[in-house]
Amino acid sequence: MNMSELLTAFLLIVGSGFCMIAGIGVLRMPDLFTRMQASAKAGTLGVGCIVLGVATNFQDLKVAAEASLIIAFLFLTAPIASHLIARAAYFAVDTKNRRLEHDELAGCYDPDTHTLASERPKDGVWVRRDVQEIDD
Amino acid sequence: MILAKALMPSDGLQLICSIALIVLGIAMFLTVYRILRGPSLPDRVVALDLLAYFATGAICIYSIQFGRSSLLIVAVVMALILFLGTAAFAYYIEKRANP
């Protein structure tokens, strides 16, 4: 094995290791949001390492362009996708009634239009209904 | 149609490709377990998203192992399509929460 194949092998091992960490994290983490952290970060990094390994293996301009396209798509869309899922799950019915350890967003969302404010409004108009129920 | 000549890797790299595929397969099994078990719908969507990532990585490893760089187009398309499914799931989950 020459130098480029050694680099490819290293990138493949590291990438599949990160994918394995992502799988274990999704299996073992206790909460949806912690699971999502393992999935989004470790999974993206692992697949990115594998695609870099493809680019170093073939050493061709076309393959390098395709590999950078894959990495760009993954790294652009993965944070957006996990943000959308996290936002939807925060509002969803089956996770809304489960109490979280820290809910720093409590009361910051408008319950009707789902607009986010950086801090709780002073007049208390935007307090979520379930937070009020828990306080009662 | 002229296929590109296969650039076969050496024996050591083929062994490492097989090992990486086996590790990815074990990670896929763990993710499928979370899809089947997952208590809520967002859990299943997150696990399905991760499974599609793993499939993209597995296609890339296949393209190294068989020396066919033309398989990478499939991975490009998959990286594009994967986002749309997750966005659609998120849209309808949020719709269902506040109808």
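Residues numbered from 1 in each chain as written. Chains lettered and ligands numbered in written order. Predicted model: local features only at pLDDT ≥ 70, side-chain atom pairs only at ≥ 80, totals over all residues. Heavy atoms only, no water.

1. Focus on the pattern of salt bridges
One pass over the structure, following the stated rule, counts three salt bridges over all chains. Between D43 of chain B and R35 of chain A there is a salt bridge whose closest N-O contact spans 2.4 Å. Here the residue D43 of chain B occupies a position in helix α2 (residues 41-65), and R35 of chain A occupies one in helix α2 (residues 32-58), the pair thus bridging two chains. Of the two residues, D43 of chain B and R35 of chain A, neither departs from the other in class, the shared state being buried. (Salt bridge = Lys/Arg side-chain N within 4 Å of Asp/Glu carboxyl O. Helix = DSSP H or I, 4+ residues; strand = E, 2+ residues; numbered from the N terminus. Buried < 20%, exposed > 50% of the residue type's maximum accessible area, 1.4 Å probe, protein only.)

2. Brief notes about the packing of helix α1 (residues 3-28) of chain A against α2 of chain B
In the contact formed by α1 of chain A and α2 of chain B, the axes pass within 11 Å of each other and the chain directions differ by 160°. Classified by the angle their axes make, α1 of chain A and α2 of chain B are roughly antiparallel. The handedness of the crossing between α1 of chain A and α2 of chain B comes out as left-handed. Mapping the contact onto sequence places T8, L12, C19, A22, G23 and V26 of chain A in α1 of chain A and A47, L50, F54, I61 and I64 of chain B in α2 of chain B. The class makeup of the residues in the contact of α1 of chain A with α2 of chain B is nine nonpolar, two polar and no charged. (Axes fitted to C-alpha atoms, helices over the stretch in contact; angles between N-to-C directions. Parallel < 35°, antiparallel > 145°, perpendicular 65-115°, else oblique. Left-handed = near helix turned anticlockwise from the far one by under 90°. Contact = heavy atoms within 4.5 Å. Nonpolar A, V, L, I, M, F, W, Y, C, P; charged D, E, K, R; others polar.)

3. As for helix α1 (residues 11-37) of chain B
In an α-helix there are 3.6 residues to a turn, and that puts residues three or four apart on one side. In this model, α1 of chain B (27 residues) spans 39 Å end to end at C-alpha, consistent with the 39 Å of a helix rising 1.5 Å per residue. Within α1 of chain B, the full set of buried residues consists of L13, I16, C17, A20, L21, L24, A27, L30, T31, R34 and I35 of chain B. In this fold, the buried residues of α1 of chain B make contact with α1 and α2 of chain A together with α2 of chain B. (Expected span 1.5 Å × (residues − 1).)

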